[in-house]
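# Inside the fold
These are the residues of each chain, in order.
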Amino acid sequence: MKPGPTVLYDVPGPRARRRNLLYTLLFLTALAAVVWWVTVSLADKNQLEWAKWAPFFTDPRVWETYVLPALRNTVIAAALAMVIALPLGAFLGISRLSDHRALRGAAGTVVEFFRAIPVLILMLFANAAYSEFAAISPETRPLYAVVTGLVLYNASVLAEVVRAGILALPAGQTDAAKAIGMRKGQTMAYVLLPQSVTAMLPALVSQLVVIVKDTALGGAMLGFSELLASVRPLSANYGANTIACFTVVAVIFVILNFALTTFASWLEGRLRRGKKSSGAVVGAGAVEELATPGEHLDGHDTPPRTR
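A brief look at the structure comes next. Numbers given to residues run from 1 along each chain, matching the order in which its sequence is written. Only residues with pLDDT of at least 70 get local features here, since the model is predicted, and only at 80 or more are side-chain atom pairs given and counted; chain-wide, interface and lining totals rely on the full set of residues. Side-chain measures here rest on the full set of heavy atoms in the structure, leaving out hydrogens and waters.

## Focus: the packing of aromatic side chains
Our working rule: Two rings belonging to Phe, Tyr or Trp (six-membered ring only in the last case) form a pair when the distance between their centres is within 6.5 Å. Interplanar angles under 30 degrees mark stacking, angles over 60 mark edge-to-face geometry, and anything in between is tilted. Helix and strand assignments come from DSSP, with helices taken as H or I runs of at least 4 residues and strands as E runs of at least 2, each series counted from the N terminus.
Within this structure, the stated rule accounts for 6 aromatic pairs. The interplanar angle of 75° and the centroid separation of 6.0 Å between the aromatic rings of Tyr130 and Tyr144 together place this pair among those described as edge-to-face. Remark: Tyr144 occurs in helix H7 (residues 141-167) and Tyr130 occurs in helix H6 (residues 119-133); sequence separation between them is 14 residues.

## Points about the nonpolar core
Stated formally: The criterion is simple. A nonpolar core is a set of buried Ala, Val, Leu, Ile, Met, Phe, Trp, Tyr and Cys residues joined through side-chain atoms within 4.5 Å. Accessible area is worked out with a 1.4 Å probe on protein chains only. A residue is then buried under 20% of its type maximum, exposed over 50%, and partly exposed in between. We call two residues in contact when some of their heavy atoms are within 4.5 Å.
If you look at the biggest cluster of nonpolar residues, it comprises 33 residues, and the most contacted ones within it are Phe56, Val146, Leu150, Ile211, Leu227 and Leu234. Listed by contribution, the elements that provide at least two residues to this core are helix H4 (60-95), H6, H7, helix H9 (184-221), helix H10 (231-237) and helix H11 (242-277). Sorting elements by how many residues they give to this core places H4 first, with 8 residues. What Leu227 contacts, discounting residues up to four positions off in sequence, is Val67, Ala70, Leu71, Thr74, Val249, Ile252 and Phe253. Core analysis: the second largest hydrophobic core is formed by 14 residues, Leu158, Leu169, Ala177 and Leu192 among them.

## Examining H6
Each full turn of the α-helix corresponds to 3.6 residues, which orients residues three or four apart in the same direction. We apply this condition: Expected span of a helix: the number of residues minus one, times 1.5 Å. Comment: arc refers to directions from the helix axis out to C-beta atoms.
In a regular helix each residue adds 1.5 Å, so 15 residues correspond to 21 Å; H6 covers 21 Å between its end C-alpha atoms and thus fits that length. Among the residues of H6, Val119, Leu122, Met123, Ala126 and Asn127 are the ones counted as buried. Viewed end-on, H6 has its buried residues packed into an arc of 135°, placing them on one side of the element. Every exposed residue of H6 that faces more than 90 degrees away from the buried side is listed here: Phe125, Glu132 and Phe133. Here the buried face of H6 lies against helix H5 (101-115), H7 and H9.

Written out as structure tokens, the structure is:
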């Protein structure tokens, strides 16, 4: 029996399935050829010798002196940037939806300005500013500069994510909140934001992953002792094993970002299950309490309650 069409697309027929199989085989063949070429090239350069990879498995000083301190600095910079950028981005995003023109214009100017500047330039400007106008020691100045650049750029991007998530909600949500007498702040805090968080979560997590990766810019330009910057001293002290060092650092970055996305996926699933399982019902008395004191929802005076 021939399968029927689905809502989104037609089920592939025999010719389409053969064509897709052919494309898959061609892709796998090309991928295998690239992997073989890379492996042979590395072997010709003696980059696959055990002596270049052995320090990561046999010498604990590699981790204690170079990798783990650099990893700690990366995590500290990324965590500080996340903790500051998330609420700042939410504030800017909500401010761009304000009814007050001055607040809306100021927030929009800040967002568009810092979103248009590369994060590396923000780090360099912050480093120069701290050097000239702040009494920060040269040892900790790169950390301040990296966090400042990450916060300014990513808060601006997160502001647009928050604004888009709120605007994506049906207009009926706001109308329903107004109908029961909620003020604008209450509508935002109790109706719009909680519902938009689940929809915004994938984009928020993607931007948090960008924060983790962009910490490497501080090591490249500001001398910040982050994870990628540990490659140079490692390679200099352990026999020019640059490929091995970059591979280990890349794996650590993958693990960090995978842990972040895994946690976000778990949180998103929990939020969705919570929304499906929660069935709180607001009684008439509670609805009237949200309305203007002394009035019914229809505008008539509320008679005194008797017991």
